[in-house]
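Chain residues, written in single-letter form:
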Amino acid sequence: MFRSSLPHRVLLWFSLACLLLGGLAAWQASAQEERGTALVMTLDGAIGPATGDYFLRGLEIAAEREARLVVVRLDTPGGLDASMRDMISAMLSSEIPVAFYVSPGGARAASAGTYLLYASHVAAMAPATHLGSATPVQIGGGGGLPGIGEPEAPDDAEAQEAAPTSDAKAKSAAATEGGDEAGDEAGEASAGEGDDTAAGDQQAAPKRRGETAMERKVLEDAVAYIRSLADRHGRNADWAEEAVREAVNLTAREALERNVIDVLASDLDDLFAQLDGREVVMENGTVTLQTADLVVERFDPDWRTRLLEVITNPNVAYFLMIIGFYGLIFELSNPGSLVPGTIGIICLLLALFAFQVLPVNYAGLALILVGLGLIVGEALMPSFGILGIGGIVAFVIGSVMLMDADTLNISLPLIGGVALVAAGLMLWVMTRFLGLRRRTPRTGQEELIRTEAVALEDFQGDGHVRLHGERWNARSEQPLRRGQTVRVVAIDGLTVDVESLQAAAADSA
């Protein structure tokens, strides 16, 4: 009886344990739902397609989990304008407040990071961080068209702005000289007037507008964009414009004092404590944040984001394109080998995907393809270096021009290394062909020259010899005997000119 009741007791205790664990899990879930959650993401590195995809997926996950706040820890040198604008558009239309927090100490929100801070519902920074340098780089993308690559003459308004500045400087200099002659008291007065004039000059200094039409267009667009973001959240729009035009920077403390950011927090707990009860501007009005006792849930970059970061790295995409091109060339030159073709097509498709999302200069891409084609043409149809040298020049120029973004340029050592490998391959092909030209022919009539034969009869003049098992007409200026070994020195149709080996040896000596 005791033995039969033992399994029932074990089952009973196991059932009670399961019920207890289930109750605890339900209680924890309800408590977490009552406290609310904050989804924390991390953006570390250049802003690009991979980080943009990661940020958008994070906002979707936050909406599914009904999070009260999204916190993005930011440390970036800048990045792509297109990815930045996609992130800002998603953030402005989000139903969940987004706080960008520049951390840890030593981090920065440069270039595109400054725009993201201004667009966020809450802009926060940790001590010993900075932001700024928001001037668009690599603007224009090349010249060659009227009004794009040529500097413009200043218009009348700019000339009028510059003229009073120079006049004021001249007056300030004259006043200073007069003060020196009049004495110490007059000198102090003149110095005071000079300081006021200098301050006025600084205020009247003309704004940077760009030297070309394209630079001005991109610069003014960036200024209007960041000012609209600043006005939306009530932040310092004048400094934002200065950061775009003059690439100025601010430390975290200075940014807080000048109303560029909202919060200066040492960590996440400090950030949540300062944000509790704060009102933020959302798409449909203002929302009061409730950040006390939030449960932190982290959404770190996963394998998909890491893979996209690797593929969309300009150096990796560039190398994939090279491997794909040569893989297809080897497959076409050796049909049926399969391995080069398989690897080549995979690498080429990955490279094309990366080029689709990266700011590619298609003129540079065309030059790279032309250069590779010329290098392969040199290997298939030797031109004594003409095609090969032209291909290497086109390849290097195209590689330098390939990327339009300053933060995503291809490494010059990588370009030089690939160019050196291509040049080495071309040099090897040229030396191989030169060696083949010096080698004794193995086929055709030229192969018969210097070949040994046997005289079939005694003759001087016309006769017959056995050459490669065949009977040939022969001609010799020397008397030859039957069975004597001779050497072919020339061919005239179906007649060979021969000479005895002794005469050949004497001529060579």
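Preceding block: the structure.
Residues numbered from 1 in each chain as written. Predicted model: local features only at pLDDT ≥ 70, side-chain atom pairs only at ≥ 80, totals over all residues. Heavy atoms only, no water.

Colleague: What is the right way to look at the overall build of the protein chain in this model?
Modeller: A tally of regular secondary structure across the protein chain gives 17 helices and 16 strands. Of all intrachain contacts in the protein chain linking residues separated by at least 6 positions in sequence, the fraction that spans at least 24 positions is 64%. Put simply, the protein chain shows about 28300 Å² of open surface, and 57% of that area lies on carbon and sulfur atoms. (Helix = DSSP H or I, 4+ residues; strand = E, 2+ residues; numbered from the N terminus. Contact = heavy atoms within 4.5 Å. Areas by Shrake-Rupley, 256 points an atom, 1.4 Å probe, with all protein chains shown as cover.)

Colleague: What's the story with the side chain of Glu331 in this structure? I'm lost.
Modeller: Within the secondary structure, Glu331 sits in helix α12 (residues 314–333). In this structure Glu331 comes out as buried when scored by relative accessible area, which is 17%. Of note is the side chain of Glu331, whose polar atom sits 3.2 Å from the backbone nitrogen of Gly341. In contact with Glu331, not counting residues within four places along its chain, are Gly336, Ser337, Leu338, Val339, Pro340 and Gly341. (Buried < 20%, exposed > 50% of the residue type's maximum accessible area, 1.4 Å probe, protein only. Polar contact = N/O pair within 3.5 Å; in protein donor to acceptor, adjacent residues only side chain to side chain.)

Colleague: I keep staring at the packing of helix α14 (residues 362–380) against helix α15 (residues 386–401) and nothing clicks. Help me out?
Modeller: Between two packed helices, what matters for the description is the angle formed by their axes and the separation of those axes. In the contact formed by α14 and α15, the axes pass within 7 Å of each other and the chain directions differ by 155°. As the angle between them shows, α14 and α15 are arranged roughly antiparallel. Helix-helix and strand crossings are classified by hand; for α14 and α15 the assignment is left-handed. For the pair α14 and α15, contact is made by Ala363, Gly364, Leu367, Ile368, Gly371, Leu372, Leu374, Ile375, Gly377 and Glu378 and by Ile386, Leu387, Gly388, Gly390, Gly391, Ile392, Ala394, Phe395, Ile397, Gly398, Ser399 and Met401, respectively. Residue classes in the contact of α14 with α15 are distributed as 13 nonpolar, eight polar and one charged. (Axes fitted to C-alpha atoms, helices over the stretch in contact; angles between N-to-C directions. Parallel < 35°, antiparallel > 145°, perpendicular 65-115°, else oblique. Left-handed = near helix turned anticlockwise from the far one by under 90°. Nonpolar A, V, L, I, M, F, W, Y, C, P; charged D, E, K, R; others polar.)

Colleague: Mind showing me how you'd approach the sheet that holds strand β16 (residues 495–500) here?
Modeller: Hydrogen bonding along the main chain pairs the strands of a sheet, whether they run parallel or antiparallel. If you walk around this closed barrel you meet the five strands as β12-β13-β14-β16-β15, and the pairing is mixed. Direction aside, neighbouring strands of the sheet carry axes that sit 50° apart on average. The sheet contact formed by strand β12 (residues 452–455) and strand β15 (residues 485–492) spans three bridges and is antiparallel. By the bridge assignment, Ala453 is partnered in β15 with Val486. (Pairing = 2+ DSSP bridges.)

Colleague: Teacher, can you tell me more about unusual backbone geometry here?
Modeller: Across the chain, the bulk of peptide bonds are trans and the bulk of non-glycine residues have phi less than zero. Cis peptide bonds are those with omega within 30 degrees of zero, and the linkage from Ser103 to Pro104 qualifies with 0°. In this model, Ala247 sits at a positive phi of 60°, which is unusual for a non-glycine residue. Residue placement: Ala247 occurs in the loop between α8 (237–246) and β7 (249–251). A positive phi angle, near 60°, is found at Asn259, a position not held by glycine. Residue placement: Asn259 occurs in the loop between α9 (252–257) and β8 (263–264). The class of Asn259 is partly exposed, set by a relative accessible area of 36%.

Colleague: Would you mind showing me how to read the sheet that holds strand β6 (residues 130–132) here?
Modeller: In space, the three strands of this open sheet follow the order β4-β6-β7, with mixed pairing throughout. In the strand order of this sheet, the two ends are held by β4 (108–110) and β7, each with one partner. Between one strand axis and the next, the sheet turns through 10° on average, direction left out of account. The sheet contact formed by β4 and β6 spans three bridges and is parallel. Bridging across to β6, Ala109 finds its partner in Leu131. On top of the sheet, helix α4 (residues 112–119) reaches β4 and β6; it is set at about 100° to β4, its chief contact.

Colleague: What's the story with the pairing of strand β2 (residues 69–75) in this structure? I'm lost.
Modeller: Residues in a regular strand point their side chains to alternate faces of the sheet. Counted residue by residue, β2 has five buried out of seven residues, so it is predominantly covered. Bridge count between strand β1 (residues 37–44) and β2: seven bridges; the pairing is parallel. Bridge pairing links Val40 to Val71 in β2. The parallel pair β1 and β2, bridged by helix α2 (residues 49–64), forms a crossover whose chirality is right-handed. Each parallel crossover has a hand, and the one from β2 via helix α3 (residues 81–92) to strand β3 (residues 98–102) is right-handed. (Right-handed = clockwise from strand over helix to strand, strands pointing away.)

Colleague: Would you take a moment to explain the pairing of strand β10 (residues 285–288) for this structure?
Modeller: Direction of pairing for strand β9 (residues 279–282) relative to β10: antiparallel, over a ladder of four bridges. Each bridged residue has a counterpart across the sheet, and for Val281 the counterpart in β10 is Thr286.

Colleague: Help me understand the pattern of salt bridges in this model?
Modeller: When the charged atoms of two side chains lie near each other, side chains of opposite charge can form a pair. Applying the stated criterion across every chain yields a total of 15 salt bridges. Put simply, Asp302 and Arg57 hold a salt bridge, and the shortest N to O gap is 3.0 Å. Taken together, the residues span a long stretch of sequence, with Asp302 in the loop between β11 (295–298) and α11 (303–311) and Arg57 in helix α2 at a distance of 245 residues. Taking the relative accessible area as the measure of exposure, Arg57 reaches 15% and is therefore buried. Between Glu241 and Arg227 there is a salt bridge, and its shortest N-O distance comes to 2.7 Å. (Salt bridge = Lys/Arg side-chain N within 4 Å of Asp/Glu carboxyl O.)

Colleague: So what exactly am I meant to see when it comes to α12 here?
Modeller: Each full turn of the α-helix corresponds to 3.6 residues, which orients residues three or four apart in the same direction. The terminal C-alpha atoms of α12, which comprises 20 residues, lie 29 Å apart, in line with the 28 Å expected from a rise of 1.5 Å per residue. The complete set of buried residues in α12 reads Pro314, Ala317, Tyr318, Leu320, Met321, Ile322, Gly324, Phe325, Tyr326, Gly327 and Glu331. N-capping of α12 is provided by Asn313, with a side-chain oxygen placed 2.9 Å from the backbone N of Asn315. (Expected span 1.5 Å × (residues − 1).)

Colleague: I would appreciate a short explanation of the packing of α2 against α11 in the present structure.
Modeller: In contact at an axis separation of 8 Å, α2 and α11 are set at 160° when each is read in the N-to-C sense. Here α11 runs roughly antiparallel to α2, going by the angle between their axes. Between α2 and α11 lies a crossing of right-handed hand. Side by side, α2 and α11 meet where Ala50, Thr51, Asp53, Tyr54 and Arg57 of the first sit next to Arg304, Thr305, Leu308 and Glu309 of the second. Considering only residue class, the contact of α2 with α11 consists of three nonpolar, two polar and four charged.

Colleague: Would you mind going over the nonpolar core with me for this structure?
Modeller: Residues Phe55, Ile88, Phe100, Tyr115 and Leu131 are the most contacted members of the largest nonpolar core, which totals 54 residues. The element best represented in this core is helix α7 (residues 213–233), accounting for seven residues. Among residues more than four places away in sequence, those in contact with Tyr115 are Met84, Ile88, Ala134, Ala222, Tyr225, Ile226, Leu229 and Val244. Listed in part, the 30 residues of the second largest apolar core include Phe325, Tyr326, Leu365 and Ile410. (Core = buried A, V, L, I, M, F, W, Y, C linked by side-chain atoms within 4.5 Å.)

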